[in-house]
Amino acid sequence: FLFIMAMVYFIDPVNDAAVAPTTIILTLLIFCAGLGIYKAVDYLRPVGKAFTYSALCMIPLWLISLSAIKVPGEVIPLIVSIVFTIASFISALMLNDQFLGYVAMLSPIALTWSFQPLMGKVDFGTYLYFLFIAPLIASIAPLALWATKPKWLPVAFRHASMGLGLVLIPLTVGASLGLYI
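Below is a short write-up of the structure.

## Focus on the side chain of S107
Mapped onto the elements, S107 comes out in helix α6 (residues 98-113). For S107, a relative accessible area of 5% translates into the label buried. Not counting chain neighbours up to four residues away, the residues in contact with S107 comprise F84, T85, S88 and F89.

## Observations regarding the side chain of T52
By the element assignment, T52 lies in helix α3 (residues 45-58). Accessibility expressed as a relative area gives 0% for T52, which makes it buried.

## As for the packing of aromatic side chains
Counted by the stated rule, this structure contains two aromatic pairs. Ring plane angle 20° and centroid distance 6.0 Å describe the contact between Y53 and F99, whose orientation is recorded as stacked. Here F99 lies in helix α6 and Y53 lies in helix α3, a separation of 46 residues in the sequence. For Y53, a relative accessible area of 25% gives the class partly exposed. Taking the centre distance of 5.5 Å and the plane angle of 45° together, the rings of F89 and F157 count as tilted. Of this pair, F89 sits in helix α5 (residues 76-95) while F157 sits in helix α8 (residues 155-180), and the two are 68 residues apart along the sequence. F89 sits in the partly exposed class, given a relative accessible area of 27%. In this structure F157 comes out as buried when scored by relative accessible area, which is 6%. R45 extends its terminal NZ or CZ atom over the ring of Y38, reaching a point 4.6 Å from the ring centre.

What counts as what
- Residues numbered from 1 in each chain as written.
- Predicted model: local features only at pLDDT ≥ 70, side-chain atom pairs only at ≥ 80, totals over all residues.
- Heavy atoms only, no water.
- Helix = DSSP H or I, 4+ residues; strand = E, 2+ residues; numbered from the N terminus.
- Buried < 20%, exposed > 50% of the residue type's maximum accessible area, 1.4 Å probe, protein only.
- Contact = heavy atoms within 4.5 Å.
- Phe/Tyr/Trp six-rings, centres within 6.5 Å; stacked < 30°, edge-to-face > 60°.
- Lys NZ or Arg CZ within 6 Å of the ring centre and 35° of its normal.

Purely spatial values, then, with no claim about function.
Written out as structure tokens, the structure reads:
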């Protein structure tokens, strides 16, 4: 599928307006087909998982395609991050996959970082507070839920919330203290 996407980008460089819709439609079709195959046919579950993983790998290519159709540059990372966050949570829940659970737990951090171009001219200290608060919230909330009511957390997120919480919290606190000492 990534080869097909490369062909879309490199074979038709003249018509930039057709690249973005083609990329988005192909990604959504492959994502939906992967989830549908995974749920519908038991012995084709590895194929459905491969389709879904491939579609998740294609979403960052939207950065190139959206810039080709003159979407404002500040909004492009935000759009791609929102779509990737939603797609990673959906796929982690539907495929019940621990790796996708880790990806889905880390994607809100990338989502907060994509707000940076929209923040305009803020001082560096304010921006650092914003960058350090997002990983803390993204790791403390699921870790607290895992510690108090682990059955409430979907299986795909149980190991991710424990592992990321135990790693991200000390790293974030240490990095923020290291910058201000």
